[in-house]
Amino acid sequence: MSRVLYGYWRSSASWRVRIALGLKGLDYDQKAIDLRTGAQSGVGFALLNPQGFVPYFIDGDVGLNQSLAIIEYLDEVYPEPSLLDPDPVKRARIRAAAQIVACDIHPIDNLRVLKYLKRQMGQEQDAIDDWYRHWIEEGFKPLEEIAEGSPGPYLFGDQVTLADVCLAPQMYNARRLRTDLSRFPALTEIDKALMKLPAFLNARPEAQPDADH
Ligand SMILES: N[C@@H](CCC(=O)N[C@@H](CS)C(=O)NCC(=O)O)C(=O)O
């Protein structure tokens, strides 16, 4: 069955899906949508995903958008290793941690939001970078508490979960924007442990075919 991931090397939402595919040992082809040139808003890609976001994932004759929906689909159709937990309470906690990144941090630091701050709101780059860091730090505070409470090495113990899949790319973004990560030592330790795993390493931006170092 052919699988294709439309993504962009530096897109953290695409990175989440790359990690999940790697963890599950699934082969796929990549098609690059260059966000810097606005290819996400082009007519061709709009036919696939009218929302104009990567990732977009094709599994045979099924096309899916939204990284968390794609990852949960993968988890249901290719259940090993599981990225959630059989226990409904633990499952809810894992999803909640993932959503701190995917629903509360990432959307307000997204490219189109940053562009709007610059073009429509007339903000300078320094102010935009401050905005970016601020929302990362706000989200990392509750995540740090979760990390402190974990026996490790990952956010929910010794099983890699959806929450870890969301965390690692956000840590990369935090570093890129020079966030003071000394305030988040437990998250930093977990990120170190995650980045030793082949699925996380192979999915990192610099390892992608469209990477532009
Ligand atoms: N909620 C979506 C967010 C996807 C998203 O924000 N993708 C970014 C790249 S990380 C994007 O395509 N941005 C294009 C833009 O802002 O114009 C998901 O999780 O898939």
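Residues numbered from 1 in each chain as written. Predicted model: local features only at pLDDT ≥ 70, side-chain atom pairs only at ≥ 80, totals over all residues. Heavy atoms only, no water.

K.L.:
Residues and numbers for the packing of aromatic side chains, please.
P.N.:
One pass over the structure, following the stated rule, counts six aromatic pairs. Seen from their ring centres, W15 and Y172 are 5.3 Å apart, and the 85 degrees between their planes marks the pair as edge-to-face. Taken together, the residues W15 in helix 1 (residues 12-23) and Y172 in helix 7 (residues 162-176) connect sequence positions 157 residues apart. The pair W15 / Y172 is uniform in exposure class, with both members buried. Seen in terms of ring centroids, F140 and F184 are 5.5 Å apart; in terms of plane orientation they differ by 80 degrees. Their pairing is edge-to-face. Taken together, the residues span a long stretch of sequence, with F140 in helix 6 (residues 125-148) and F184 in the loop between helix 7 and helix 8 (185-194) at a distance of 44 residues. For the pair F140 and F184, one class covers both residues: buried. Here the aromatic residues Y6, F45 and Y56 are joined through ring pairs into a cluster of three or more. (Phe/Tyr/Trp six-rings, centres within 6.5 Å; stacked < 30°, edge-to-face > 60°. Helix = DSSP H or I, 4+ residues; strand = E, 2+ residues; numbered from the N terminus. Buried < 20%, exposed > 50% of the residue type's maximum accessible area, 1.4 Å probe, protein only.)

K.L.:
Describe the pattern of salt bridges, naming the residues involved and giving the relevant values.
P.N.:
In a structure, side chains of opposite charge can pair up when their charged atoms sit close to one another. All told, the structure shown has twelve salt bridges when counted by the stated rule. The salt bridge partner of R178 is D129, with a shortest N-O separation of 3.9 Å. Here R178 is found in the loop between helix 7 and helix 8, whereas its partner D129 is found in helix 6, with 49 residues between them in sequence. R178 sits in the exposed class, given a relative accessible area of 57%. The shortest N-O distance in the salt bridge between E189 and K192 comes to 3.1 Å. Here E189 and its partner K192 are both found in helix 8, three residues apart, which amounts to about one turn of the helix. (Salt bridge = Lys/Arg side-chain N within 4 Å of Asp/Glu carboxyl O.)

K.L.:
Tell me about the sheet that holds strand 2 (residues 29-32), residues and numbers included.
P.N.:
Across the sheet, four strands lie side by side as 2-1-3-4; this open sheet has mixed pairing. The open sheet has two edge strands, strand 2 and strand 4 (62-65), and neither has a second partner. For this sheet, the mean angle separating the axes of adjacent strands, direction not counted, is 20 degrees. Bridge count between strand 1 (residues 3-7) and strand 3 (residues 56-59): four bridges; the pairing is antiparallel. Bridging from a neighbouring strand, V4 pairs with I58 of strand 3. Against the sheet, helix 1 contacts strand 1, strand 2 and strand 3, and its axis sits at roughly 155 degrees relative to strand 1. The sheet strands contacting helix 3 (residues 67-77) are strand 3 and strand 4, and the helix crosses strand 4 at an angle near 135 degrees. (Pairing = 2+ DSSP bridges. Axes fitted to C-alpha atoms, helices over the stretch in contact; angles between N-to-C directions. Contact = heavy atoms within 4.5 Å.)

K.L.:
Tell me about the layout of surface pockets, and please be specific about residues and values.
P.N.:
Reported here for the largest pocket is a volume of approximately 1100 Å³. Forming the walls of the largest pocket are 39 residues, and the residues nearest its centre are L35, D109, N110, L111 and R112. Those elements giving two or more residues to the lining of the largest pocket turn out to be helix 1, helix 3, helix 4 (88-105), helix 5 (111-119), helix 6 and helix 7. At five residues, helix 5 tops the list of elements feeding residues into the lining of the largest pocket. A class-by-class count of the residues in the lining of the largest pocket yields 16 nonpolar, 14 polar and nine charged. (1 Å grid on protein atoms, 1.4 Å probe; cavity = no way out; pocket = protein on both sides within 12 Å on 5 of 7 lines; lining within 4 Å. Points joined across faces, edges and corners; volume = space filled by probe spheres on them. Nonpolar A, V, L, I, M, F, W, Y, C, P; charged D, E, K, R; others polar.)

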